[in-house]
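# Summary of structural features
Listed below, chain by chain, are the residues.
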Amino acid sequence: MEKVIYRGKIDGDFEGFDEEALFKMMNGTYWLQTRYKYWYHYAYSPEIAIIRENGRFYLHIVGNSVEVAPIDVVESRIKGAFTGCQGDSVYELVNGQVWQQSRYKYKYKYAYRPKVAIYRAGGGYKMQAAGITIPVRRIS
């Protein structure tokens, strides 16, 4: 039996489905894509529905859907300038937490005090900041 869990909008940009995509809803909840599916579609704050069917959750948008799960997220901001990830980058947040890149990845992107979302996925933690997803571990 199908049940609508949430009907509303995604908070901000939606760029489709990809591996472990993170979706923030206007009601403040976060949902993580749990099955791989790639589909590119850009929309700003699109209307969506989260449906529970046979014990699983699905995000439905524009005639397409993907399996998702609710997830807890730490929201904060980078303290000062953010320059992407250089392999062992350390990120100090305005909430006092300090996180370090846990796997090598290089991507330059400059942003001043960008919002961050940190969540558990794939056996570790990931941080999204300024459009980049970085594997991290907390160091304080």
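Check the entry above for the structure.
From a predicted model like this one, the values you see are computed outputs, not experimental measurements.

A few words on the pattern of salt bridges. Scanning the model with the defined rule gives six salt bridges in all. Between Lys-24 and Asp-11 there is a salt bridge, and its shortest N-O distance comes to 3.7 Å. On the criterion of sequence distance, the pair formed by Lys-24 in strand S3 (residues 22-24) and Asp-11 in the loop between strand S1 (2-9) and strand S2 (13-14) is long-range, its members being 13 residues apart. By relative accessible area, Lys-24 is classed as partly exposed at 25%. One network of salt bridges, in which partners are shared, links Asp-11, Lys-24 and Glu-75.

Turning to the sheet that holds strand S8 (residues 64-71), a few remarks are in order. Within the open sheet, the six strands sit side by side as S1-S6-S7-S8-S4-S3. Their pairing is antiparallel. Two strands in the sheet have a free side with no partner beyond their single neighbour: S1 and S3. Averaged over all neighbouring strand pairs, the angle between strand axes comes to 35°, with direction disregarded. Of the strand pairs in this sheet, strand S4 (residues 30-33) and S8 are connected by four bridges, and their pairing is antiparallel. Note that in S8 the partner of Gln-33 across the bridge is Val-68.

The rules behind these values
For every chain, the first residue of its written sequence is number 1, and the numbers climb from 1 along that sequence. With the structure being a predicted model, the display of local features is reserved for residues of pLDDT at least 70 and the display and counting of side-chain atom pairs for 80 or more, all residues being used for whole-chain, interface and lining totals. Side-chain calculation: all heavy atoms of the structure are included, whereas hydrogens and water are not. Any Lys or Arg side-chain nitrogen located within 4 Å of an Asp or Glu carboxyl oxygen qualifies as a salt bridge. Strands are runs of DSSP state E lasting at least two residues, helices are runs of H or I lasting at least four, and both sets are numbered from the N terminus onward. Remark: exposure states derive from per-residue accessible area (1.4 Å probe, protein chains only) relative to the maximum for the residue type, with buried under 20%, exposed over 50%, and partly exposed in between. The rule for pairing is simple: two strands pair if DSSP sees at least two bridges between them. Inter-axis angles, ranging from 0 to 180 degrees, are taken between N-to-C directions of lines fitted to C-alpha atoms, where helices are fitted over the stretch in contact.

So yeah, pure geometry; function would need other evidence.
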